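This is what each chain is made of:
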Amino acid sequence: MGGKVLIVGGVAGGAGTAARLRRLDESAKIILFERGQYISYANCGLPYYIGGAIPDRRSLFVTSEEQMRRRFNVDVRIRQEVIEIDRQNKQVFVQNHCTGEVYAESYDTLVLATGSSPLKPPIPGIGLPGIFQVWTIPDTDAIKAYLEEKHPKRAAVIGGGFIGLEMAENLKEAGLDVTIVEMQGQVLSTIDYEMARLLQENIIRHGVTLQLGRGVEKFTHTQDGLEITLAGGQTVPADLVILSIGVRPNSALAKKAGLELNARGGVKVDAYMRTSAPSIYAVGDVVEVDEFISRDRTMIPLAGPANKQARICADNIAAEDGAPERYEGTQGSCVVKVFDLTAAATGLTERSLRARGWTEGKEYRSILINQKSHAGYYPGAVSLLLKLLFGADGKILGAQIVGREGVAKRIDTIATVIRLQGDVGVLRSLELAYAPPYSSAKDPVNMLGFVADNVRKGLVSFARYDALDAQGRYTGSGACTVLDVRSQKEYDEAHIAGATLIPLEELRDRLCELDKEKLIVVYCRVGVRAYNAARILMQKGFERVQVYPGGIGFYQALYYDAE
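Residues numbered from 1 in each chain as written. Predicted model: local features only at pLDDT ≥ 70, side-chain atom pairs only at ≥ 80, totals over all residues. Heavy atoms only, no water.

Just checking my understanding: could you explain the packing of helix 6 (residues 193–205) against helix 15 (residues 551–558) for this structure?
Helices that pack against each other are described as a pair by the angle of their axes relative to one another and the distance between those axes. Between helix 6 and helix 15, the shortest axis-to-axis distance is 8 Å and the interhelical angle comes to 75 degrees. Judged on the interaxial angle alone, helix 15 and helix 6 are roughly perpendicular. Facing Glu194, Arg197, Leu198 and Glu201 of helix 6, the residues of helix 15 in contact are Phe554, Ala557 and Leu558. Grouping the constituent residues of the contact of helix 6 with helix 15 by class yields four nonpolar, no polar and three charged. (Axes fitted to C-alpha atoms, helices over the stretch in contact; angles between N-to-C directions. Helix = DSSP H or I, 4+ residues; strand = E, 2+ residues; numbered from the N terminus. Parallel < 35°, antiparallel > 145°, perpendicular 65-115°, else oblique. Contact = heavy atoms within 4.5 Å. Nonpolar A, V, L, I, M, F, W, Y, C, P; charged D, E, K, R; others polar.)

In structure tokens form, the structure reads like this:
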């Protein structure tokens, strides 16, 4: 206990470490260095302040410099940047950006919470007026001032990740015409392609233009504003450009000090948040940690993990008996609002499993179900699309949900089960709160467990989302019958091209119309009738039966851009 602790960086990880350490050790001398003007503010709220959903700028500040000094007795030094670490003599060199002075400060323990910075690749014209990034309070102030002074009509958001989607929504709500430019073939890389398609349909429905699979080649100033040239020569006009391309760890200080880094520049830490150097810890966006499920090393720049790492770091600094607190890894739980939809994920994606060499049906299995947010008979129930990835042994590998209501509640439940080492059987057995306005007697999370159990027992087999193309053609090998088991009225309103209609109620009497030698892919509105039909067929000697996941609503959303 006691000693002198220097903390480099004053936002989530740094401020959190300082506050927790003071609560544990009143005698420690704590100095917090922040090269910027502000500490402890809500980065995640910046897009909503720009768009006006958060009207008061003061709401963005969690703890002020003065509060940190008076409440926690922390020596806060803003606009002062640690520029060098002298490990041998246990001191740092600090530049005061107000005076230009450089001075030395000794330490017993040093914490690096230097965070990350947005990528700004060397694209021609990227420094032109009207092109902004959204990362700090000054960034946000500059965008707000530009909106109020220049009154732009057209905005382009470069990047379709969390900040990009949030900025697109808020700028659209503020009355601008918005285009999202994303180099990858989908928005939001934290979810899989088919789930992202649901978001993309919704984004377009809200009047935002999507340019996917196209990188930016250059920015040009014209008489009409800014012009963005994309790969292939297409141009996008804009009065305002928001860069949201990704982030990189602020690890130059650590690298200069000789700390061990990974290939991406992340500072390597152990389970106790200790770096490769004695008496130096690191937390937040700058560090490499374990991925909770695979135990691979990873970097996941999220506020929740940063705050938990800060708490553990402070506990270990204050501990008299070594390092009692371990950081057990990050599973990347996340949620984002995209207009009237919410998307959330936890754990690994199918894309990441395949990148690890895993094969569907062998090392992992995937299910996708369509459920109601609460009891269907209670007004206002809306669809939830839930995807679950699990191993052959039932271990939960990851989950993703897209819907309008109840998304965060369900992803948090699954994330908790993963953290407690539960398998799909636990999802099935969870006793969850139920009342008609909030859920169903069989909650969507329970349903994931039931369906996963059915898959493991061989009671049902699911087709992949892309087993049928936009024209209803089977994309696999061999002959296939696409079977619609809804009513004639539903079929007439909309159906998959080429599908055979046999309503579920008539199926047992019309089995002779189906060829047992062909694969039969069954669909309905959401999947319940299709499952019932599959069970009938499988017990009547049809050996090759699959349910199309999510029903026709999911299929239509999947191919929203089909001509």
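Can you help me understand the sheet that holds strand 15 (residues 235–238) in this one?
Through backbone hydrogen bonds, the strands of a sheet pair up, either in parallel or in antiparallel fashion. Sheet architecture is open: three strands sit in the order 13-14-15, paired in antiparallel fashion. Among the strands making up the open sheet, the edge pair consists of strand 13 (216–222) and strand 15. Direction aside, the axes of adjacent strands within the sheet are offset by 20 degrees on average. Across four bridges, strand 14 (residues 225–230) lies against strand 15 in antiparallel orientation. Bridge pairing links Ile228 to Val236 in strand 15. (Pairing = 2+ DSSP bridges.)

What is the right way to look at the pairing of strand 29 (residues 519–523) in this model?
Consecutive side chains along a regular strand alternate between the two faces of the sheet. Among the five residues of strand 29, five are classified as buried, and the element is accordingly described as predominantly covered. For strand 27 (residues 480–484) and strand 29, the ladder comprises five bridges, and the chain directions are parallel. Bridged to Thr481 within strand 29 is Ile520. Where the polypeptide runs from strand 29 across helix 14 (residues 528–539) and back to strand 30 (residues 545–547), its parallel neighbour, the crossover connection is right-handed. (Buried < 20%, exposed > 50% of the residue type's maximum accessible area, 1.4 Å probe, protein only. Right-handed = clockwise from strand over helix to strand, strands pointing away.)

Can you help me understand the pattern of salt bridges in this one?
When the charged atoms of two side chains lie near each other, side chains of opposite charge can form a pair. Under the definition given, this model contains 40 salt bridges. Salt-bridge contacts for Asp56 lead to Arg58; the nearest nitrogen and oxygen are separated by 3.0 Å. Residue Asp56 is classed as partly exposed on the basis of its relative accessible area, which comes to 30%. Under the relative-accessibility criterion, Arg58 is labelled exposed at 66%. Asp296 is paired through a salt bridge with Arg356; the nearest N and O atoms lie 2.8 Å apart. Pair noted here: Asp296 is in the loop between strand 20 (287–290) and strand 21 (297–298) and Arg356 is in the loop between helix 9 (350–355) and strand 24 (364–372), with a separation of 60 residues, a long-range link. (Salt bridge = Lys/Arg side-chain N within 4 Å of Asp/Glu carboxyl O.)

Could you clarify how one ought to interpret unusual backbone geometry in this entry?
Glycine aside, a negative phi is what most residues show, and trans is what most peptide bonds show. Unlike most non-glycine residues, Lys90 shows phi in positive territory, near 50 degrees. Tracing the backbone through its elements, the reader meets Lys90 in the loop between strand 4 (80–86) and strand 5 (91–96).

For this particular structure, what's the right way to read the packing of aromatic side chains?
What describes a pair of aromatic rings is the distance from one ring centre to the other and the angle between the planes of the rings. Inspection of the entire model under this criterion finds six aromatic pairs. Seen in terms of ring centroids, Tyr38 and Phe61 are 5.3 Å apart; in terms of plane orientation they differ by 50 degrees. Their pairing is tilted. Here Tyr38 is found in the loop between strand 2 (29–34) and helix 2 (46–51), whereas its partner Phe61 is found in the loop between helix 2 and helix 3 (65–72), with 23 residues between them in sequence. Using a relative accessible area of 24% as the deciding quantity, one classes Phe61 as partly exposed. Clustering of aromatic rings is evident, with ring pairs tying together Tyr548, Phe554, Tyr555 and Tyr559. Over the aromatic face of Phe292 sits the side chain of Arg419, whose NZ or CZ is 4.1 Å from the ring centroid. (Phe/Tyr/Trp six-rings, centres within 6.5 Å; stacked < 30°, edge-to-face > 60°. Lys NZ or Arg CZ within 6 Å of the ring centre and 35° of its normal.)

Honestly, helix 14 in this entry has me stumped. Any pointers?
Spacing of three or four residues puts side chains on the same side of an α-helix, whose turn is 3.6 residues. Counted at 1.5 Å a residue, the expected span for helix 14 with its 12 residues is 16 Å, and the 17 Å between its end C-alpha atoms agrees. Among the residues of helix 14, those classed as buried are Ala530, Ala533, Ala534, Arg535, Ile536 and Leu537. Where helix 14 is buried, its residues meet strand 27, strand 29 and strand 30. Residue Gly541 follows helix 14 closely and has a positive phi angle near 95 degrees. (Expected span 1.5 Å × (residues − 1).)

When you look at the nonpolar core in this model, what are you seeing that I'm missing?
Note that soluble globular proteins tend to have their nonpolar side chains buried in a common cluster. One finds Leu171, Leu199, Leu240, Ile242 and Tyr548 to be the most contacted residues of the largest nonpolar core, which totals 62 residues. Setting aside residues up to four positions removed in sequence, Ile242 forms contacts with Phe132, Val134, Ile143, Ala156, Val157, Ile158, Met167 and Leu171. Core analysis: the next-biggest nonpolar cluster, separate from the first, contains 50 residues, Leu6, Leu21, Val269 and Cys313 among them. (Core = buried A, V, L, I, M, F, W, Y, C linked by side-chain atoms within 4.5 Å.)

So what exactly am I meant to see when it comes to the sheet that holds strand 24 here?
Ordered by their spatial adjacency, five strands build an open sheet running 22-23-26-25-24, and the pairing between neighbours is antiparallel. One side of each edge strand has no neighbouring strand; the edge strands of this open sheet are strand 22 (334–338) and strand 24. The average undirected angle you get between the axes of adjacent strands in this sheet is 10 degrees. In terms of strand pairing, strand 24 meets strand 25 (residues 383–391) through nine bridges, oriented antiparallel. The residue of strand 25 that forms the bridge with Lys372 is Ser383. Across the face of the sheet, helix 10 (residues 407–419) comes into contact with strand 22, strand 23 (341–347), strand 25 and strand 26 (396–403) while running at roughly 175 degrees to strand 26.

Read these as geometric descriptors, not functional statements.
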